[in-house]
Amino acid sequence: MSEQSSDLNQLIPERSSLGFLIADIKRLTGKLFADYLNDYPLTLAQARTLLGVARYQGIRQVDLANFLDIQPITLARMIDQLAEIGYVERRADPKDRRAFQLFLLPAAEPTIEFFANKSREFQQQALTGLSEAQITALFAGLNQVRENLDRMLSTTASITESL
């Protein structure tokens, strides 16, 4: 047996790998949400963008791109499309005239309500079989993992900046 194949045997099994589970859950969630959009005139990327604007009213365009982990030019195109539909608007940032803040328009409210209902439905189905205590523990644990990862990322960024 080669050294490389014995190293592969040291990998954490899929069912116990945090990274694998999170990535797989994200993949499956995306597919299911895309199915919800079959009868809706938005792409999954547009829906994510719209939900980002709804959640963070007044967010600067560049900050939303960072949050969504997409390039600013990609977000700009998406915002153009959503603005054309009448769902969002850009407003000049009063603190920086080169930047834009993003706001939801009233026409988007039925779409946001649709997403909220589908989200509640999805979450209820996804958590089927878990007790209330397990659900509480799951969210507490995942929030702690997110805080730990944020802290790790901040530490890595600080080290990189100091070099």
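Preceding this paragraph is the structure being described.
*Asks:* Please give an account of helix α4 (residues 61-68) that cites residues and values.
*Replies:* Every buried residue of α4 is accounted for by Gln 61, Leu 64, Ala 65 and Leu 68. Along the long axis of α4, the arc covered by the buried residues comes to 105°, so they all point the same way. In this structure, the buried side of α4 is in contact with α3 (44-55), α5 (72-85), β1 (88-93) and β2 (96-104).

*Asks:* Pulling in residues and values, what's your account of unusual backbone geometry?
*Replies:* We note that Asp 69 has phi near 60°; this positive angle belongs to a residue other than glycine. Within the element layout of this structure, Asp 69 appears in the loop between α4 and α5.

*Asks:* Report on the packing of aromatic side chains, specifying residues and quantitative values.
*Replies:* What describes a pair of aromatic rings is the distance from one ring centre to the other and the angle between the planes of the rings. The full count for this structure, using the stated rule, is six aromatic pairs. Judged by centre distance (5.5 Å) and plane angle (50°), the rings of Phe 33 and Phe 115 are tilted. On the criterion of sequence distance, the pair formed by Phe 33 in helix α2 (residues 18-36) and Phe 115 in helix α6 (residues 109-126) is long-range, its members being 82 residues apart. Relative accessible area serves as the criterion here: at 2%, Phe 115 is assigned to the buried category. Aromatic pair Tyr 40 and Phe 114: ring centres 4.4 Å apart, planes at 15°, arrangement stacked. Here the residue Tyr 40 occupies a position in the loop between α2 and α3, and Phe 114 occupies one in helix α6, the gap between them amounting to 74 residues. Since its relative accessible area comes to 22%, Phe 114 is described here as partly exposed. An aromatic cluster is present here, built from Phe 33, Tyr 36, Tyr 40, Phe 114 and Phe 115 joined pairwise through their rings.

Scoring rules and cut-offs
Residues numbered from 1 in each chain as written. Predicted model: local features only at pLDDT ≥ 70, side-chain atom pairs only at ≥ 80, totals over all residues. Heavy atoms only, no water. Buried < 20%, exposed > 50% of the residue type's maximum accessible area, 1.4 Å probe, protein only. Helix = DSSP H or I, 4+ residues; strand = E, 2+ residues; numbered from the N terminus. Arc of directions from axis to C-beta. Contact = heavy atoms within 4.5 Å. Phe/Tyr/Trp six-rings, centres within 6.5 Å; stacked < 30°, edge-to-face > 60°.

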